[in-house]
Amino acid sequence: MALHFELVTPEKLLRSEEVYMVVVPGTEGDFGVLQGHAPFMSVVRTGELAIYSGPTTVSARIRVEGGFAEVSEKGLTVLAESASEA
Amino acid sequence: MASLKALKVRITSVKSTQKITKAMKMVAAAKLRRAQMAAEAGRPYAERLAAVMASLASKVTIGPESPKLLAGTGSDRKHLLVVATSERGLAGAFNSNIVRAARKTADALIAEGKEVSFYLIGKKGRAVIQRIYPGKIVHQVDQSHIKNVAFSDAHEVSEDLILRYRRGEFDVAHLFFAKFQSALVQEPTEIQLIPVPLTATPAGTAAAGASAAVEYEPDEEAILAELLPRNIAVQLFRAMLENAASEQGSRMTAMDNATRNAGEMINKLTIQYNRTRQAAITTELIEIIAGAEAL
């Protein structure tokens, strides 16, 4: 039940971990990614990214500024221009 | 022959120079490690971005409605050479190597009848380029206040470049920097910045098969249009990081050589000093003995 999640900024690899779900602020609306999500690519708007460690528990919120998200069979990769813990 | 006093003064002066070059070498070594770490930390982002660009490139066909950053302005008359050098000297041939690479391309372009202008990052290339191509420098980015290059610095430069591109100041932009290979080897490198060169890489064809069912939001073109300016910023950022590492590596080597040369110089001067001293003593002895015998 784990989704591999990576958050990368140009300066460093910020996070690389197994999580339950991630809610990403896309340009066309927020979307949640669980394990086994279909291949997907979206532009990310400036906003808050929420990492869920369980169905209802939010383990971290991260403010991301611009970038894009890619979901592949390997998991979710968010390439953000800048990111900071909120 | 120099007097004893003069030799002593010279030895002291070379010794203090050696101390300075030694300290500079140590500082460069420490900074090099940090710069290398920064360069490595930036690699995952660049790699993933390149992978995404490649897989998008295989899906989008370049047409008249493609973004200008990808398709170009339709002519290649005006070329902008972005030359990234360092803010400080005493780094061996680091800056002159980069400038030489830029000059080679500039001369080739001028011979083809193209217009060439320069956009400088860092101040060390200015003097030479100003002398050889007077009035061709359009802008110089001052980085003297920056200690560690941040992505925002690269981002600013890329926005300025894109703005100039939109205004039609140039058709093609080339970027020159020194690629870091080791502390001993830094290779001056040229890459085309604008329009973004999209090559259908062999990885791209493989990715196209694997990601055939990928959904895009908004759509391929919109994502690509979003990615292009970002790609330019990332390329610039990578160049700046590589340059920072190369500069420190080059300085370390140069200062190591300088320290060694100073050591050799001190040895030579010390021998000369001892010989002169010996000769002075011998002369004095001969004078005393000759005086005693004369009695």
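## Focus on the environment of Ala91 of chain B
All names here are of chain B. Relative to the assigned elements, Ala91 resides in the loop between β1 (78–84) and α4 (94–111). On the basis of relative accessibility, which here comes to 3%, the residue Ala91 falls in the buried class. With 159 residues separating them in the primary sequence, Ala91 and Ser250 have C-alpha atoms 5.4 Å apart. What Ala91 contacts, discounting residues up to four positions off in sequence, is Glu247, Ser250, Arg251 and Ala254.

## Some details on the packing of aromatic side chains
Aromatic ring pairs are reported here in terms of the distance separating the ring centres and the angle at which the planes meet. Residues and elements named next belong to chain B. This structure, assessed with the given rule, holds 4 aromatic pairs over all chains. Taking 5.1 Å as the distance between ring centres and 35° as the angle between the ring planes, the aromatic pair formed by Phe118 and Tyr133 counts as tilted. Residue Phe118 is found in strand β2 (residues 115–121), and its partner Tyr133 is found in the loop between α5 (126–132) and β3 (137–141); the two are separated by 15 residues along the sequence. The interplanar angle of 85° and the centroid separation of 5.3 Å between the aromatic rings of Phe151 and Phe237 together place this pair among those described as edge-to-face. With a gap of 86 residues between them, Phe151 in helix α6 (residues 151–166) and Phe237 in helix α8 (residues 220–294) connect regions that are remote in the sequence. One exposure class covers both Phe151 and Phe237, and it is buried.

## Looking at unusual backbone geometry
Residue and element names in this part refer to chain B. The linkage connecting Ile194 with the following residue, Pro195, adopts the cis geometry, with an omega of -10°. Even without glycine at this site, Leu90 takes up a positive phi of about 50°. The class of Leu90 is exposed, set by a relative accessible area of 57%.

Rules behind the numbers
Here, residues in each chain are numbered from 1, in the same order as that chain's written sequence. Note on labels: chains are lettered from A, ligands numbered from 1, in written order. For this predicted model, a pLDDT threshold of at least 70 governs which residues receive local features, and a threshold of 80 or more governs which side-chain atom pairs are given and counted, while totals over whole chains, interfaces and linings are taken from all residues. No hydrogens and no water enter the side-chain calculation; it runs on all heavy atoms of the structure. Strands here mean DSSP runs of E at least two residues long; helices mean DSSP runs of H or I at least four residues long; both are numbered from the N terminus. Only protein chains enter the area calculation, which uses a 1.4 Å probe; residues under 20% of their type maximum are buried, those over 50% are exposed, and those in between are partly exposed. By definition, residues are in contact when any of their heavy atoms lie within 4.5 Å. When two rings of Phe, Tyr or Trp (its six-membered ring) have centres within 6.5 Å they constitute a pair, described as stacked for plane angles under 30 degrees, edge-to-face for angles over 60, and tilted for the intermediate range.

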